[in-house]
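Summary of the model geometry
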Amino acid sequence: MSARFTKTFTAGPEHIDVMGHVNNAVWVQWIQDMATAHWDAVARAEDRARFVWLVVRHEIDYRGNIAEGESAVGETFIPGEPKGAKFDRRVDFRNDAGKVIVSANTTWAMLDAETLRPQRVRAEIAAPFFEDTE
């Protein structure tokens, strides 16, 4: 089972669009911020130094939104095993009532930080992202 990671985001005036709520591009940035924060918090130091990540796909469902001054709690987890250089990630944002308002499935590719060539996500790199089931 995948370990879960959470982070809270509060909408500032710079996040609001003409509709009076958080702009879709901001949600994409927050999705990326979640992934980066999770990697920084969980990955081994040697892996953080050696690898970088590139988004290959975002699939996002918008079911609600928040206005300026409101907060959303993002929760991310890894829904399955890596496939070669690719690692999928799920991100859900909930409003104050606990309703999922934005949900995303993203696919990331792991690259060597120096060569920028794709690298297979080995078991020891993925392991910190999964809870100990023993």
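Residues numbered from 1 in each chain as written. Predicted model: local features only at pLDDT ≥ 70, side-chain atom pairs only at ≥ 80, totals over all residues. Heavy atoms only, no water.

A word on the pattern of salt bridges
In the structure shown here, the tally under the stated rule is seven salt bridges. What emerges from the salt-bridge pattern is a single network uniting Arg44, Glu46 and Asp47. (Salt bridge = Lys/Arg side-chain N within 4 Å of Asp/Glu carboxyl O.)

Concerning the packing of aromatic side chains
Within this structure, the stated rule accounts for nine aromatic pairs. When the ring of Phe87 is compared with that of Phe130, the centres are 6.5 Å apart and the planes differ by 40 degrees; the resulting orientation is tilted. Of this pair, Phe87 sits in strand E4 (residues 86-94) while Phe130 sits in the segment after helix H3 (123-126); the two residues are 43 residues apart in sequence, bridging distant segments of the chain. Accessibility expressed as a relative area gives 6% for Phe87, which makes it buried. Over the ring of Phe77 we find Arg4; its NZ or CZ atom is 4.0 Å from the centre of that ring. (Phe/Tyr/Trp six-rings, centres within 6.5 Å; stacked < 30°, edge-to-face > 60°. Helix = DSSP H or I, 4+ residues; strand = E, 2+ residues; numbered from the N terminus. Buried < 20%, exposed > 50% of the residue type's maximum accessible area, 1.4 Å probe, protein only. Lys NZ or Arg CZ within 6 Å of the ring centre and 35° of its normal.)

Quick notes on the nonpolar core
Core analysis: the largest hydrophobic core is formed by 16 residues, its most contacted members being Val22, Trp27, Trp30, Ile66, Phe93 and Ile101. Looking at this core, the elements that each hand over two or more residues are strand E1 (5-10), helix H1 (24-42), E4 and strand E5 (100-112). The greatest single-element share of this core, amounting to five residues, is contributed by H1. With residues up to four places along the chain from it excluded, the contact list for Val22 reads Ala11, His15, Ile16, Asp17, Trp27, Trp30, Asn65 and Ile66. Counting 10 residues, the second-largest nonpolar core is a separate cluster that includes Trp39, Ala43, Phe87 and Val121. (Core = buried A, V, L, I, M, F, W, Y, C linked by side-chain atoms within 4.5 Å. Contact = heavy atoms within 4.5 Å.)

Just geometry here; none of it tells us what the structure is for.
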